[in-house]
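# Summary of structural features
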Amino acid sequence: MTKSKEWPLWEVFIRGQHGMSHRHVGSLHAVDAEHAIKNARDVYTRRNEGVSIWVVEAENISASSPSDKGPLYEPARDKVYRHPTFYDLPEEAGNM
Amino acid sequence: MYAQMVKSTGKGVQALEDMSPQDRAFQERIDRGEKIEPKDWMPDAYRKNLIRQIGQHAHSEIVGQLPEGNWITRAPTLERKANLLAKVQDEAGHGLYLYCAAETLGVSRDELFEMLHCGKMKYSSIFNYPTLTWADMGAVGWLVDGAAIMNQVPLQRTSYGPYARAMVRICKEESFHQRQGYHIMIKMAKEGTADQKRMAQDAFNRFWYPALMMFGPSDKDSVHSAQSMAWKIKMNTNDELRQKFVDETVPQAKFLSLTVPDERLMFNEETGHYDYSEPDWNEFMDVISGNGPCNTDRLEARKKAWREGSWVREGMMAHADKKAQCKIAAE
Ligand SMILES: [Fe+2]
Ligand SMILES: [Fe+2]
Ligand SMILES: [Fe+2]
């Protein structure tokens, strides 16, 4: 028997009922996008988990690399003034 | 349990100060409770162990469909049939979540199947026992899924991100499995006819010890545990989980008026736990090494499905490739 080509890997994103963004839920194998959506419906929405499905072939995803953690995220660390709690306001100002 | 005897590749647990700087940084990440993600650096042995463990877990979900699939067409009512079908379909889903988690470690789906088919990878010993009567569907849901839950709940906190996330999904779905099984048992053991009560007791007798075996060998013989626990790919020892299972299951059996098939079973006031008899570990070793009552059937069923499905896999891929070619040509 000749070794056949494995079905490509797809990443699956689902949007739930309550107006949230699509969220990554997992992956699966399928021959094309249409097939991937059908499979995603069976594998990831057996209990009304979603109202919309996105699939994207895994090899088309570009990702940041773990070794870039420092340069990418460190700079945000010392910018505490981007958070509301940085600013001490008097109680008289009310809720803000 | 679903991964009962995962052989570890490491040479035993090393002390932090004896580790290479890279290994040490990795262990410290795990100790801090950080999740390890697919592209992160990890020791080879961690990767290999996880592939074995997640693979074994995935195979168990898939092979685990067979003993229950055996009763779908013979369920006593349409409602029971729908319940069982939904449960078995969930198990297929569990297998798929887990295969995907294993694939993030660099093994392919086809390789995993091949290793199952040639006997290089195992699945849980529990699925090598036959399901002889309808009462077995009750016993399996109640005891087998019950034992699975006990093992899977702590694994939601395991160190490998994709594995932990698969476990979260699986745990959400498992509780229905156990409840539908216990529901069958209530109907038969509590509300049933004399014959049905006898069937329920018989199913319980046959599944009790195999369910205890699901947690793997006793701690004193469990050679692979220490490294896995240091890596947080195993969260509790085998005996801890087994005891927890016994403590929870005995009162449930009492409620059903079923007798636990263990004359030594007794509540120990001092420890606050039930004392119980260990399963026959020779039988366990026998079943895990291929000589259980259904090993040949189970494996043959998987191989047949793989063989006979090959024209579908190939045909669909060829069709998709052709469609893609046409699309390029048209552009
Ligand atoms: Fe299961
Ligand atoms: Fe499962
Ligand atoms: Fe289950």
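In what follows, the accompanying structure is described. (Residues numbered from 1 in each chain as written. Chains lettered and ligands numbered in written order. Predicted model: local features only at pLDDT ≥ 70, side-chain atom pairs only at ≥ 80, totals over all residues. Heavy atoms only, no water.)

## Observations regarding the environment of P293 of chain B
Residues and elements named next belong to chain B. Summarising the element assignment, P293 is placed in the loop between α11 (281–291) and α12 (295–308). Given a relative accessible area of 54%, P293 falls into the exposed group. Separated by 166 residues in sequence, P293 and F127 have C-alpha atoms that sit 9.7 Å apart. With near-sequence residues (within four places) excluded, P293 lies in contact with N128, Y129 and P130. (Helix = DSSP H or I, 4+ residues; strand = E, 2+ residues; numbered from the N terminus. Buried < 20%, exposed > 50% of the residue type's maximum accessible area, 1.4 Å probe, protein only. Contact = heavy atoms within 4.5 Å.)

## A word on the coordination of the iron ion (ligand 3)
Residues and elements named next belong to chain B. Only E91 (OE), D145 (OD), E174 (OE) and H177 (ND1) from the protein coordinate the iron ion (ligand 3), and they sit 2.0 to 2.2 Å from it. Each of the four donor atoms around the iron ion (ligand 3) contributes to a set of angles spanning 82 to 167°, which defines the coordination as irregular. Between the donor residues of the iron ion (ligand 3), the gaps in sequence give the motif E-x53-D-x28-E-x2-H. In this structure, the iron ion (ligand 3) lies 3.2 Å from the iron ion (ligand 1). In this pair, E91 sits in helix α4 (residues 78–103) while H177 sits in helix α7 (residues 161–190), placing the two residues 86 residues apart along the sequence. With a relative accessible area of 2%, E91 lands in the buried category. (Donors = N, O, S within 2.8 Å, 3.2 Å for Na, K, Ca; no water. Tetrahedral: all angles 85-135°; square planar, octahedral: opposite > 155°, others 65-115°.)

## Some remarks on the pairing of strand β2 (residues 23–29) of chain A
Regular strands place their side chains on alternate faces of the sheet. Residues and elements named next belong to chain A. Among the seven residues that make up β2, five are buried, leaving the element largely enclosed by the rest of the structure. Of the strand pairs in this sheet, strand β1 (residues 9–15) and β2 are connected by six bridges, and their pairing is antiparallel. When the bridges of β2 are listed, L9 appears paired with H29. (Pairing = 2+ DSSP bridges.)

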